[in-house]
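# Structure assessment
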2 protein chains.
Amino acid sequence: MTKVIQGLLEPNEKKIVLLVLDGLGGLPLEAGGKTELESARTPHLDALAAGAECGLHLPIGHGITPGSAPGHLALFGYQPTDYPIGRGVVAALGIDFPMRAGDVAVRMNFASADGQGRITDRRAGRIPTEKCAELCEALGAVKIPGVEVFVRPVKDYRAVVVFRGPGLSDQVHDTDPQATGVKPRDPQAVSDRGKKTAETAAEFIRQALKILASREPANAVLMRGFAELPHIPSMKELFGLKPLALAVYPDYKGVSRLVGMDVVPELRDLEHQVESLAARWDKHDFFFVHHKYTDSRGEDGDFPAKVAEIEKVDAILPKILALKPDVLIVTGDHSTPALLKAHSSHPVPFLIHGRGVRPDAVREFGEKACTGGVWGVIPGAMLLRLALGYSDKLAKYGA
Amino acid sequence: MTKVIQGLLEPNEKKIVLLVLDGLGGLPLEAGGKTELESARTPHLDALAAGAECGLHLPIGHGITPGSAPGHLALFGYQPTDYPIGRGVVAALGIDFPMRAGDVAVRMNFASADGQGRITDRRAGRIPTEKCAELCEALGAVKIPGVEVFVRPVKDYRAVVVFRGPGLSDQVHDTDPQATGVKPRDPQAVSDRGKKTAETAAEFIRQALKILASREPANAVLMRGFAELPHIPSMKELFGLKPLALAVYPDYKGVSRLVGMDVVPELRDLEHQVESLAARWDKHDFFFVHHKYTDSRGEDGDFPAKVAEIEKVDAILPKILALKPDVLIVTGDHSTPALLKAHSSHPVPFLIHGRGVRPDAVREFGEKACTGGVWGVIPGAMLLRLALGYSDKLAKYGA
């Protein structure tokens with residue numbers, strides 16, 4: 001069907017806005033109760049829903065809990081299982097590191113360890129980003145024959161390591177034990193293809209621990225998400241779009257770059273994102289506006305704070321609508337119910353609004369209300385197709 | 001799944017009627033308003049819906065606007081993207097031209113041109129069909145070495161040309177510039193495989209222009225939709241059916257022939273179609289009844305006239321029901337909202353009625369009402385499968 005869509009592309013200047021409330025889907029705290037979205041006071045979203053087509057989407061498939069990167073790939077029109085992306089790559093792209101084919105990127109946490117090397121804090125007391133940058137610079141002293149090593153700060157205690165050299169691969173297990181009181185695992189190859197990378201990582205860790213020995217609380221490192229750069233055809237190539245990403249968080253810029261989006265570099269908050277959206281309105285035809293904190297508060301298990309984040313997005317909506325997008329999609333990349341403090345596999349409510357849509361019977365934006373929408377539960381990747389259709393970017397199929 | 005269905009076929013005498021209101025799906029003229037179907041007074045359709053299973057279907061896929069031929073293929077049980085059909089083929093089959101494998105058919109408009117060959121009217125003042133037939137006969141004088149040429153009238157200014165000979169293909173661009181004030185394009189090959197056909201078409205046009213020189217207002221020709229006969233397995237082969245088409249318009253007879261339907265040759269109107277249906281009731285087990293004018297009035301942008309056409313079909317329903325079909329499907333091949341004056345990608349409402357179905361909660365036939373139907377939004381090709389199931393034409397799968 002991808003080829004069929006490509007054959008029908010008729011790019012035009014009509015504007016599609018994809019507004020993502022990260023981890024939007026939720027759960028009631030008690031039986032018979034309301035979800036975060038249903039509890040939130042969202043007059044603008046409700047008014048939109050009343051004039052929109054609604055439904056729920058499954059980013060990956062039935063029963064599958066999406067990570068952030070594949071959740072977003074689905075919203076960008078890709079079936080995520082066709083394009084596996086490692087966490088390391090997302091992190092590297094998120095900080096604008098210019099990855100090359102063959103590079104292997106790994107997420108690294110600075111952590112704290114006791115005298116026996118057992119992890120006491122997986123986040124090194126959440127050291128600030130400046131401290132992280134200083135440590136990364138110190139780790140620049142690591143030298144491995146035949147492999148270039150790049151260590152870059154991301155945010156707080158999180159960094160990314162990129163290995164460059166022949167024969168490297170993503171076939172290495174995480175060293176992060178995901179627990180305290182135990183030592184990190186040695187880097188182990190998943191398959192023969194991973195041997196050289198595992199050895200490289202082991203040598204990196206050996207030298208790093210020496211350098212960090214006196215740097216408490218950050219005297220240990222944990223690696224996870226060994227990843228190669230995947231080849232993903234761009235949104236331009238697949239859908240004829242000129243897309244722009246307006247995200248605050250690095251990882252979401254990373255996924256956006258993977259699909260060939262232009263990315264606005266430094267954005268502070270929703271207000272700033274929407275200002276920037278308005279300023280670049282004429283230059284693009286697809287705009288991805290990302291709000292992270294609905295997910296963060298869900299992960300915290302803070303139901304009222306997640307409700308408040310949803311209300312913040314609702315409050316900004318009039319400024320987006322003032323731009324008169326031809327198609328506006330509002331949804332999430334997955335569910336993050338505060339009750340679970342984690343991503344979940346529940347389908348995610350969406351609305352698609354615009355002159356071309358045929359409003360259904362849904363009168364408010366919420367999980368339960370959206371089950372009465374025209375679309376039922378559809379694969380996440382279908383949302384972009386609907387948007388292409390309703391913005392007249394696809395020619396008629398056949399005579 | 002096609003193979004599975006084939007393995008389960010148990011043909012019987014039970015009757016399936018597929019009643020197609022072409023371009024049925026619509027849009028409200030204003031926010032909060034009703035669509036054409038929702039506005040129409042349709043007591044019989046509403047009563048049917050109340051005892052039926054309802055839903056909406058997507059003939060091709062999310063966001064894709066169907067042409068008439070693929071829209072019908074879906075209703076006949078085929079995934080349209082598996083069987084691309086060129087416009088020329090649809091036109092040739094529509095006039096009963098006996099195409100053979102290897103033939104290339106092209107739609108041709110008679111047009112008007114000025115002294116420099118620039119098109120002044122793409123439809124030659126909409127010359128009547130008799131005039132068109134006379135001109136086609138005159139073009140019978142065209143002789144091309146090694147290629148047989150057939151020129152046949154379709155309707156008004158529209159004709160079809162069939163080239164027969166070795167080495168021909170559909171790999172030729174349209175000559176129709178889709179504009180006035182410019183010359184028609186020369187026939188250009190899309191690929192090497194199209195070279196001979198492009199040369200043949202160029203020679204045909206050269207001779208045709210000589211013959212038509214004095215035939216104002218029809219002194220030019222425009223060609224589009226170069227097409228080869230696709231191989232499509234018949235409905236008999238795939239579904240064990242003995243299907244009959246009852247359509248007034250040539251193109252729909254054409255698509256019906258492509259899937260091996262018998263076609264009633266000369267039908268005037270709905271009344272005549274239903275008479276003919278009754279007369280042939282014993283000879284077939286699948287009946288395709290096609291009403292064109294819902295689409296035509298939608299294309300005209302005439303909302304009330306489309307409503308009136310829907311009401312006409314509603315009024316004829318008792319005569320169809322009097323035949324006691326075992327399964328009756330009522331739907332469209334795509335949406336043609338009067339608001340858009342064109343086909344659109346919106347899903348199309350359907351109902352499936354019969355002794356075997358399990359009525360859902362839908363109480364009237366309309367786009368919004370059908371969103372509450374049991375089936376949600378399904379691929380158009382699934383409707384025929386449901387009909388096979390509810391008419392007991394498929395054996396149990398497995399023990």
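Look a little higher up for the structure.
So, here's what we can say about the structure. Quick caveat, the model's predicted, so the values are computed rather than measured.

Contacts between the two partners involve 28 residues from chain A and, on the opposite side, 31 residues from chain B. Summed over both partners, the interface of chain A with chain B comes to about 2300 Å²; 64% of that surface belongs to carbon and sulfur atoms. Three residues, Arg-358, Tyr-397 and Ala-399 of chain A, lead the burial of chain A against chain B; their summed loss comes to 36% of the area buried on that side. At the junction of chain A with chain B, the criterion picks out zero salt bridges. Counting across the chain A and chain B interface gives six residue pairs in polar contact (both at pLDDT 80 or more). Mapped onto the side of chain A that touches chain B, the elements with two or more residues apiece are helix H1 (2-8) and helix H14 (382-390) of chain A. Per element, the largest residue contribution to the side of chain A that touches chain B is five residues, and it comes from H14 of chain A. In terms of residue class, the side of chain A that touches chain B is built from 17 nonpolar, four polar and seven charged.

Let us look at the relation of the copies chain A and chain B. Taken as rigid bodies, chain A and chain B are interconverted by a rotation of 122 degrees and an axial shift of 0.1 Å, the fit giving an RMSD of 0.5 Å. Interpreted geometrically, this transformation is the action of a three-fold axis. In terms of proximity to the rotation axis, the leading residue of chain A is Gly-376 of chain A, whose C-alpha is 3.5 Å off the axis.

It is worth spelling out the packing of aromatic side chains at this point. If you walk through the whole model with that rule in mind, you get 14 aromatic pairs over all chains. Ring plane angle 75 degrees and centroid distance 5.9 Å describe the contact between Phe-163 of chain A and Phe-204 of chain A, whose orientation is recorded as edge-to-face. Placement of the pair is Phe-163 of chain A in strand E6 (residues 158-164) and Phe-204 of chain A in helix H7 (residues 195-212), with a sequence separation of 41 residues. Residue classification places Phe-204 of chain A among the buried positions, given a relative accessible area of 0%. Seen from their ring centres, Tyr-78 of chain B and Tyr-83 of chain B are 5.6 Å apart, and the 85 degrees between their planes marks the pair as edge-to-face. Through a chain of ring-to-ring contacts, three or more aromatic side chains come together here, namely Tyr-78, Tyr-83 and Phe-239 of chain A. The positively charged end of Arg-158 of chain B is found above the aromatic ring belonging to Tyr-157 of chain B, 5.8 Å away from the centroid.

Of the positions making up helix H3 (residues 43-50) of chain A, those classed as buried are Leu-45, Leu-48 and Ala-49 of chain A. Seen from one end, H3 of chain A has its buried residues packed into an arc of 100 degrees, which puts them on one side.

This part is about the sheet that holds strand E1 (residues 16-21) of chain A. Residue and element names in this part refer to chain A. Strand order across the open sheet formed by eight strands is E9-E8-E10-E1-E11-E12-E2-E13, with mixed pairing between neighbours. What marks the edges here is a single partner per strand, and that holds for strand E9 (262-263) and strand E13 (377-379). Inspection of the sheet shows strand E2 (residues 53-58) paired to E13 by three bridges, in the parallel sense. Considered in E13, the bridge of Leu-58 is made with Pro-379. Strands strand E8 (243-246) and strand E10 (286-291) of the sheet are contacted by helix H10 (residues 270-279), whose axis makes an angle of about 175 degrees with E10.

Attention shifts here to the pairing of E6 of chain A. Residue and element names in this part refer to chain A. With seven of seven residues buried, E6 lies mostly within the body of the structure. Of the two faces of E6, the one holding Arg-158, Val-160, Val-162 and Arg-164 and the one holding Ala-159, Val-161 and Phe-163 are both buried throughout. Judged from the seven bridges that link them, strand E5 (residues 148-155) and E6 form a sheet pairing that is antiparallel. Residue pairing in the sheet places Val-149 in a bridge with Phe-163 of E6. Hairpin geometry of E5 and E6 is characterised by an intervening segment of two residues between the two adjacent antiparallel strands and by a positive phi of about 50 degrees at Asp-156.

Residue and element names in this part refer to chain A. Along the chain, Thr-200 falls in helix H7. A polar atom in the side chain of Thr-200 sits 2.7 Å from the backbone oxygen of Lys-196. Those residues in contact with Thr-200, other than ones at most four positions away along the chain, are Ile-144, Val-147, Phe-163 and Leu-168.

Residue and element names in this part refer to chain A. The N-to-C vectors of helix H11 (residues 293-300) and helix H12 (residues 303-321) enclose an angle of 170 degrees; their axes lie 8 Å apart at closest approach. The orientation of H11 relative to H12 falls into the category roughly antiparallel. Across the interface between the two elements, Tyr-293, Thr-294, Arg-297 and Gly-298 from H11 touch Ala-305, Lys-306, Glu-309 and Ile-310 from H12.

What counts, and where the lines are drawn
Residues numbered from 1 in each chain as written. Chains lettered and ligands numbered in written order. Predicted model: local features only at pLDDT ≥ 70, side-chain atom pairs only at ≥ 80, totals over all residues. Heavy atoms only, no water. Contact = heavy atoms within 4.5 Å. Buried area = accessible area lost by both parts, 1.4 Å probe. Salt bridge = Lys/Arg side-chain N within 4 Å of Asp/Glu carboxyl O. Polar contact = N/O pair within 3.5 Å; in protein donor to acceptor, adjacent residues only side chain to side chain. Helix = DSSP H or I, 4+ residues; strand = E, 2+ residues; numbered from the N terminus. Nonpolar A, V, L, I, M, F, W, Y, C, P; charged D, E, K, R; others polar. Least-squares fit on C-alpha atoms with pLDDT ≥ 70 in both. Phe/Tyr/Trp six-rings, centres within 6.5 Å; stacked < 30°, edge-to-face > 60°. Buried < 20%, exposed > 50% of the residue type's maximum accessible area, 1.4 Å probe, protein only. Lys NZ or Arg CZ within 6 Å of the ring centre and 35° of its normal. Arc of directions from axis to C-beta. Pairing = 2+ DSSP bridges. Axes fitted to C-alpha atoms, helices over the stretch in contact; angles between N-to-C directions. Parallel < 35°, antiparallel > 145°, perpendicular 65-115°, else oblique.

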